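Chain by chain, the residues run as shown.
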Amino acid sequence: MQLGKGSAAAFARAGPGPSRPPSRRAGPRAERGRAGMAARAGWCCRAGLSCGALLSPALLCPALLSRAAGGTPGTPLWGRAAFSSAAAVSGREGPQPREGSVRRRGRAPQFPRSAAPPRTERMAVDQDWSSVYPTAAAFKPASVPLPIRMGYPVKRGVPPPKEGNLELIKIPNFLHLTPPAIKKHCAALKDFCTEWPSALDSDEKCEQHFPIEIETVDYVSSGTSIRNPKARVVTLRVKLSSLNLDDHAKKKLIKLVGERYCQETDVLTITTDRCPLRRQNYDYGMHLLTVLYHESWKTEKWESEKSEEDMEEYVWENSRSQENALDTLLRIKASENVRNVTKEELLASEVVKNYRNSITALKNEGETESNMSQYKESVKKLLNIQA
Amino acid sequence: MQKQYLLPSSNLMGARLAGSHGDTQEPKTNPLVSISDEPETLYKRLSILVKGHDKAVLDSYEYFAVLAAKELGISVEKVDKPPKTIERFTLLKSVHIYKKHRVQYEMRTHYMCLELKYLTGSTAAVYLEYVQRNLPEGVAMEVKKTKIEKIPEHIQKPVWDTLPQVEETEVKS
């Protein structure tokens, strides 16, 4: 408002003085709205033109009118454009047409019609909304019978109404997906769906009948290309317990795959992305699984050289613990002057078996209360100590 | 004239055929539906992650997707809303010099994750096409499908049992 008042003063100062050159900017753009005018007001004020006057036509209409009435045929164009911005004023131009052609820059109609009432007034309350918005469409304020306001509110006012509101047009709307519309669509689509087999109602049953899981990812986004290079990755997951493997084969398979096997969940995960197509990656993954399976059943000659460091779990047979225990027992027996007992007899005896179990439990499962106490008991029995 | 229709079967073999109907009273033959003989693929889980810049749009989309799943008879496991990520960067405000004056931009990405359980291939195709066609502009989607399969024939038994006994040739190294 300050700008308007200031330029009103400037206008009053200018009076019927030397006519300013017509501003091509202010003329047709005057109708565009306050935003456009505010941007240009700065320029106009600097140039000395009172285009700022157009900011508040209500304030300055009387001034303009008086100027035009007393003006010469060579009135600057901005005066005439100011008339066209106010609808009420344009009527006055009719009875006094200028000589020559009626110069009408801009799209103001000569005989402006009143706008037709919006369609919302003719809408019934129980109409079929899915016929108004059958597909995704922009927001049309005359077709949506809702009093929606959107945008930053005017000072001490409310957000702007829906007519000519760009914010409402910009945002994607879901007017075509109301619940009755969705139900209609789904009813039509239901024929193409199939039922899940009722026998597979839990994850365990799925695991039991269909052990292999194949994971693929699809990507949907808007952009210059619909392709996504990450879409070709295929992940294959299978539990080793569901494969037909014996002890040696399972250990060999675990050694072959290395990091791809998870000990806790007993799941082998194979991720392939070396081929350009998803189907090729899937085929390659299945090929890998096949090869691993069959190779793990083979026993090579060099596998007999497997040493203690390569073992996955502790095996008591042929270990140092066995040798030491047998050695100790033999020496005890020799010192007691018992007849020669053979190693097989010692191994078959109860105490040695207890000792073996406790040692393997300690090594494989780690140190727990029960394991340690079991070890203590077995050692006491072995060495015949009464504590 | 006898009407031929597929009986709904609860065992696995019968349900493998695509397009089997449950109607025994009035088998409605939709002319657009074609039933093929190949076995149905089974999806244990379908995980749909939707990303967008506007939370309100994602909320509306979530309502739409959940309602569509319910109407089509798909069980929704859970609807998760991971926290948003904000990517910020600082640029120079001016084209030339004025290093002390910068402008900062940020991009906010909101997420919504929908997990569906136990879908057949046809149902998954129908649902995904419906939901993807109605994806709003400016929203991206990632669909993670977990397909379950039987162990193929060639992995049932080791092949060395079936191969004929071949004389081993010495490998000279």
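Residues numbered from 1 in each chain as written. Chains lettered and ligands numbered in written order. Predicted model: local features only at pLDDT ≥ 70, side-chain atom pairs only at ≥ 80, totals over all residues. Heavy atoms only, no water.

Remarks on the overall build of chain A
Item 1. For chain A, the helix and strand inventory stands at 16 helices and 4 strands.
Item 2. Expressed as a percentage of contacts within chain A between residues at least 6 apart in sequence, the contacts between residues at least 24 apart total 56%.
Item 3. About 25600 Å² of surface is accessible on chain A, with carbon and sulfur atoms providing 54% of the total. (Helix = DSSP H or I, 4+ residues; strand = E, 2+ residues; numbered from the N terminus. Contact = heavy atoms within 4.5 Å. Areas by Shrake-Rupley, 256 points an atom, 1.4 Å probe, with all protein chains shown as cover.)

Quick notes on the overall build of chain B
Item 1. From N to C terminus, chain B includes 2 helices and 5 strands.
Item 2. Listed by position from the N terminus, the elements making up chain B come as β-α-β-β-β-α-β.
Item 3. For chain B, buried positions account for 34% of its 173 residues.
Item 4. For chain B, contacts bridging at least 24 residues in sequence account for 69% of all contacts bridging at least 6.
Item 5. Carbon together with sulfur atoms contributes 52% to the accessible area of chain B, which is approximately 11900 Å² in total. (Buried < 20%, exposed > 50% of the residue type's maximum accessible area, 1.4 Å probe, protein only.)

Some details on helix α16 (residues 369–382) of chain A
Residue and element names in this part refer to chain A.
Item 1. If you check α16, its first and last C-alpha atoms are 20 Å apart, about what 14 residues at 1.5 Å a residue would give, namely 20 Å.
Item 2. Every buried residue of α16 is listed here: N371, S378 and L382. Viewed end-on, α16 has its buried residues packed into an arc of 35°, placing them on one side of the element. Away from its buried face by more than 90 degrees, α16 exposes E369 and K376.
Item 3. Looking one or two residues beyond α16, the residue adopting positive phi is N384, at roughly 60°. (Expected span 1.5 Å × (residues − 1). Arc of directions from axis to C-beta.)

Quick notes on the confidence of the model for chain A
Residues and elements named next belong to chain A.
Item 1. For chain A, the average pLDDT comes to 76, and 71% of its residues sit at 70 or higher.
Item 2. Confidence drops under pLDDT 50 across residues 1–17; counting only partners more than four residues distant or on other chains, this segment forms 16 contacts.
Item 3. Overall, residues 22–94 carries pLDDT values under 50, and its contacts beyond four positions in sequence, including any with other chains, amount to 76 contacts. (pLDDT = per-residue confidence, 0-100.)

Some remarks on a nonpolar patch on the surface
All names here are of chain B.
Item 1. A surface patch of nonpolar side chains, amounting to about 350 Å² of accessible area, comprises F89, L91, Y105 and M107.
Item 2. At the level of secondary structure, the elements contributing two or more residues to the nonpolar patch comprise β3 (85–92) and β4 (102–120).
Item 3. One can find Y105 in strand β4.
Item 4. The exposure class assigned to Y105 is partly exposed, which follows from its relative accessible area of 44%. (Patch = residues over 30% accessible without salt bridge, like charges linked within 9 Å, V, L, I, M, F, W, Y side chains within 5 Å. Salt bridge = Lys/Arg side-chain N within 4 Å of Asp/Glu carboxyl O.)

Regarding the interface of chain A and chain B
Item 1. Between chain A and chain B, the residue contacts involve 53 residues of the former and 59 residues of the latter.
Item 2. With both sides pooled, the region where chain A packs onto chain B buries about 5300 Å², and carbon together with sulfur makes up 65% of that total.
Item 3. Where chain A meets chain B, there are 2 salt bridges.
Item 4. The shortest N-O distance in the salt bridge between K44 of chain B and E213 of chain A comes to 2.6 Å.
Item 5. Secondary structure elements with two or more residues in the side of chain A that touches chain B: α9 (179–189), α10 (203–209), β1 (212–220) and α12 (278–297) of chain A.
Item 6. A total of 9 residues in the side of chain A that touches chain B trace back to one element, the largest contributor, which is β1 of chain A. (Buried area = accessible area lost by both parts, 1.4 Å probe.)

Notes on the confidence of the model for chain B
All names here are of chain B.
Item 1. When pLDDT is averaged across chain B, the result is 81; 78% of the residues are at 70 or more.
Item 2. Taken as a whole, residues 1–27 scores under 50 in pLDDT and shows 40 contacts with residues more than four places along the chain or in a different chain.
Item 3. Across the interface, the model reports ipTM at 0.77; the global pTM reads 0.68.

Considering the side chain of D266 of chain A
All names here are of chain A.
Item 1. With respect to the element layout, D266 can be found in the loop between β3 (261–262) and β4 (267–272).
Item 2. On the accessibility criterion, D266 (13% relative accessible area) is buried.
Item 3. Within the structure, D266 has its side chain in polar contact with the side chain of Y261 (distance 2.6 Å). (Polar contact = N/O pair within 3.5 Å; in protein donor to acceptor, adjacent residues only side chain to side chain.)

Section: the pairing of β4 of chain A
Residues and elements named next belong to chain A.
Item 1. In the sheet, strand β2 (residues 234–239) pairs with β4 via 6 bridges, with the strands oriented antiparallel. Opposite L236, over in β4, you have I270 as the bridge partner.
Item 2. As defined by bridge partners, β3 adjoins β4 across 2 bridges and the pair is classed as antiparallel. If you follow C262 over to β4, its bridge partner there is V267. (Pairing = 2+ DSSP bridges.)

Description of α9 of chain A
Item 1. The complete set of buried residues in α9 of chain A reads A181, I182 and C186 of chain A. Burial along α9 of chain A is one-sided: seen end-on, the buried residues are contained in an arc of 130°. Relative to its buried face, α9 of chain A has exposed residues pointing more than 90 degrees away, namely P180 and A187 of chain A.
Item 2. In this structure, the buried side of α9 of chain A is in contact with α7 (129–132) of chain A together with α1 (55–71) and α2 (121–133) of chain B.

Topic: the nonpolar core
Item 1. Among the nonpolar cores identified, the biggest contains 33 residues, and I182 of chain A together with I48, Y61, L116 and Y127 of chain B are the most heavily contacted of them.
Item 2. Looking at this core, the elements with two or more residues in it are α9 of chain A together with β1 (42–52), α1, β4, α2 and β5 (140–149) of chain B.
Item 3. Among all residues touching I182 of chain A, those that are not within four sequence positions of it are L177 of chain A together with F64, L67, A68 and Y130 of chain B.
Item 4. Listed in part, the 20 residues of the second largest apolar core include A249, L253 and L268 of chain A together with I155 of chain B. (Core = buried A, V, L, I, M, F, W, Y, C linked by side-chain atoms within 4.5 Å.)

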